[in-house]
Amino acid sequence: MRRKNKILIILLALSLILTSCGARTYSETVFALDTFVSFTLYEEIPPEVKSLIYSYEKMFSRTDEKSELYRLNLEDKANVSEELYSLIEESLKISEDTMGAFDIRIGEITALWDFKSDHPMPPSDEEIKKALSLSRGEIKLLEGTYIESASDIDLGGVAKGYIAEKAVAYLRSLGIESGLISLGGNIASFGKKPDGEERKIGIRDPMSASDTVGYIKLTDGFVSVSGDYERFFLYDGKKYHHIIDPSTGMPAEGNISSVAVISKDGVLADALSTALFVLGYDSSIELYEKGIYDFEAVFIFKDGTVKATDGAEFYRD
Ligand code: AMP
Ligand code: MG
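Residues numbered from 1 in each chain as written. Chains lettered and ligands numbered in written order. Predicted model: local features only at pLDDT ≥ 70, side-chain atom pairs only at ≥ 80, totals over all residues. Heavy atoms only, no water.

Turning next to the site of ligand 1. Not every one of the 17 residues close to ligand 1 is listed here, only the nearest: Ala 101, Asp 154, Ser 226, Ile 244 and Thr 274. The contact in question runs from a nitrogen atom of ligand 1 to an N or O atom on the backbone of Ile 244, over 2.8 Å. In the model, an oxygen atom of ligand 1 is placed 3.0 Å from a nitrogen or oxygen of the Asp 270 side chain. Summarising the interface, the protein chains cover 92% of the accessible area of ligand 1, which totals 490 Å² for the free molecule. Element by element, the count of residues in the shell around ligand 1 is highest for helix α8 (residues 266-279), at three residues. For the shell around ligand 1, the residue count by class is seven nonpolar, six polar and four charged. (Near = heavy atom within 4 Å. Polar contact = N/O pair within 3.5 Å; in protein donor to acceptor, adjacent residues only side chain to side chain. Areas by Shrake-Rupley, 256 points an atom, 1.4 Å probe, with all protein chains shown as cover. Helix = DSSP H or I, 4+ residues; strand = E, 2+ residues; numbered from the N terminus. Nonpolar A, V, L, I, M, F, W, Y, C, P; charged D, E, K, R; others polar.)

Written out as structure tokens, the structure is:
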């Protein structure tokens, strides 16, 4: 909690600096969806866009007892909102296309991993085995907006991308033509900066929170980053992070430290960043070359190597 306050103060100070630079930039940060959500616009930030974020939190949170998803997970079958229905539907499709590397049925597994505890430790093999068997249930999309799910659903890998998309659409509907929204690792950019320049989105160095390895040029679109540094703990000298390999129930292993996915589609960027991390580089490139999804990606390996797909406008610092 104290750390959260400190970060908020730093972010507030940063927004003041931004507003005082003469570029008439307005910045604001709120804590929602278990992360920092910040807006940067060139006019006052409409308060409704913050309410919009909170209302989606009440729809997609796995842990908030008042959320719609919580109710579905509790009751196993429920009539849900069209938005929850369609996000689950889209997630199932991505799951199929990524050979299960992306899988929203992992709710019982993610519930075992507490990254916020003062003394976090990995779950036991027994717990993982049980949660794994519970994560293989079928999700049925029924008539109307009924959903039946034999597994607990976790939308943590895709909801922020969806919300980023909706927030951009909302701001645009108000006639706001340019801005940047950041939801913990998911960046939405729309419109050129007032000086006509393209926006540059820095890609963090997984080894150091204050360094970047390069940047992506982006005007209209989304960049989602999944990294092993976002939520993790060390136990007995081993790192346990929050991106789960659905086939093992354990943090995905491999030689990648983070993946950034760039796309015009926020949901796709978010879901694929998680999926590509699990798939690893070779299988990710196979998916890229299949061409079923329109995206670009930047991979940062544990040894510091960086590889970007041909269309990613990635530039080294
Ligand atoms: P991201 O930071 O977008 O990669 O999302 C990570 C979050 O997505 C985790 O905190 C989990 O809630 C969820 N998640 C982890 N692994 C997976 C996976 N393989 N498929 C779908 N969701 C996942
Ligand atoms: Mg994701």
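Still more ground to cover, so stick around.
Turning our eyes to something else, we now look at the coordination of the magnesium ion (ligand 2). Of the protein atoms, only Gly 157 (O), Asp 270 (O), Asp 270 (OD) and Thr 274 (OG1) coordinate the magnesium ion (ligand 2), at distances of 2.1 to 2.6 Å. Coordination of the magnesium ion (ligand 2) draws on donor residues from a single chain, spaced G-x112-D-x3-T in sequence. Residue Gly 157 is found in the loop between β5 (146-149) and α7 (159-173), and its partner Thr 274 is found in helix α8; the two are separated by 117 residues along the sequence. Residue Gly 157 is classed as buried on the basis of its relative accessible area, which comes to 17%. (Donors = N, O, S within 2.8 Å, 3.2 Å for Na, K, Ca; no water. Buried < 20%, exposed > 50% of the residue type's maximum accessible area, 1.4 Å probe, protein only.)

Looking now at helix α4 (residues 82-97). Taking 1.5 Å of rise per residue, the 16 residues of α4 would be expected to cover 22 Å, and the 23 Å separating its terminal C-alpha atoms lies within 8% of that figure. Taken as a whole, α4 has its buried residues at Leu 84, Tyr 85, Leu 87, Ile 88, Ser 91, Ile 94, Ser 95 and Asp 97. Met 99 lies just past α4 and shows a positive phi near 50°. (Expected span 1.5 Å × (residues − 1).)

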